[in-house]
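# Examining the three-dimensional arrangement
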Amino acid sequence: NNIRNMIIMICGRNQSGKSTFSRYLINGLLNKYEKIAYLDCDVGQSEFSPEGIISITIINRPLFGPAHTHQHTMNDNNDYHCWKSYYFGDNKPANN
């Protein structure tokens, strides 16, 4: 069974391990797939972009380290490529 397009949504309470699980899942999927598209909707604690931005990032190498290390290395290598990003506003969705 060859699944080419898969959508996985991760949701949960604050401080429940969503980001850690996301990195674990991405790294596992990269063992099977050449690249992953990651839609980051967490405007308060983004993985690949500054706060207040919703982005789609193409990932083709495993993720190591905390989120702030991914934001600083996006332009230094081809491991992560920001495909699209949009300014959402405040880092708290309730304020928008």
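Our subject is the structure that appears above.
The following paragraphs examine the structure supplied in this document. (Residues numbered from 1 in each chain as written. Predicted model: local features only at pLDDT ≥ 70, side-chain atom pairs only at ≥ 80, totals over all residues. Heavy atoms only, no water.)

Once that is clear, we can look at unusual backbone geometry. Positive phi, normally seen in glycine, also occurs at Q15, with a value near 55°. Under the relative-accessibility criterion, Q15 is labelled exposed at 75%. (Buried < 20%, exposed > 50% of the residue type's maximum accessible area, 1.4 Å probe, protein only.)

So, about the pairing of strand β2 (residues 53-59). With burial as the criterion, only one face of β2 is covered, namely that bearing I53, S55, T57 and I59; the residues I54, I56 and I58 on the opposite face remain uncovered. As paired strands, strand β1 (residues 36-40) and β2 are joined by five bridges and run antiparallel to one another. Across the sheet, Y38 pairs through a bridge with T57, a residue of β2. Summarising the sheet, β2 and strand β3 (residues 80-87) pair through seven bridges and their orientation is antiparallel. (Helix = DSSP H or I, 4+ residues; strand = E, 2+ residues; numbered from the N terminus. Pairing = 2+ DSSP bridges.)

The tally for this structure, following the rule as stated, stands at two aromatic pairs. On the numbers, 5.6 Å between centres and 55° between planes, the contact of F48 with Y80 is tilted. Of this pair, F48 sits in the loop between β1 and β2 while Y80 sits in strand β3; the two residues are 32 residues apart in sequence, bridging distant segments of the chain. Put simply, the rings of Y38, F48 and Y80 pair up and form one aromatic cluster. A cation over a ring is seen here: K84 above W83, with NZ or CZ 5.5 Å from the ring centre. (Phe/Tyr/Trp six-rings, centres within 6.5 Å; stacked < 30°, edge-to-face > 60°. Lys NZ or Arg CZ within 6 Å of the ring centre and 35° of its normal.)

Bringing the layout of surface pockets into the picture now. In this structure, the largest pocket encloses a volume near 1000 Å³. Together, 27 residues line the largest pocket, and I8, I36, A37, Y38 and L39 are the ones closest to its centre. Elements supplying a minimum of two residues to the lining of the largest pocket: α1 (18-29) and β1. Among the elements that make up the lining of the largest pocket, the one with the highest residue count is α1 (six residues). Residue classes in the lining of the largest pocket are distributed as 15 nonpolar, five polar and seven charged. (1 Å grid on protein atoms, 1.4 Å probe; cavity = no way out; pocket = protein on both sides within 12 Å on 5 of 7 lines; lining within 4 Å. Points joined across faces, edges and corners; volume = space filled by probe spheres on them. Nonpolar A, V, L, I, M, F, W, Y, C, P; charged D, E, K, R; others polar.)

So, about the sheet that holds β3. On the basis of which strands lie adjacent, the open sheet formed by three strands has the order β1-β2-β3 and antiparallel pairing. Looking along the sheet, the strands with just one partner apiece sit at the ends: β1 and β3. Direction aside, neighbouring strands of the sheet carry axes that sit 15° apart on average. (Axes fitted to C-alpha atoms, helices over the stretch in contact; angles between N-to-C directions.)

This part takes up the side chain of S55. Relative to the assigned elements, S55 resides in strand β2. Relative accessible area serves as the criterion here: at 1%, S55 is assigned to the buried category.

Turning to the environment of C41, a few remarks are in order. Position of C41 among the secondary structure elements: in the loop between β1 and β2. Assessed through its relative accessible area of 49%, C41 is described here as partly exposed. Between the alpha carbons of C41 and I53 there is a distance of 7.8 Å; along the sequence they are 12 residues apart.

Geometric values such as these leave the question of function open.
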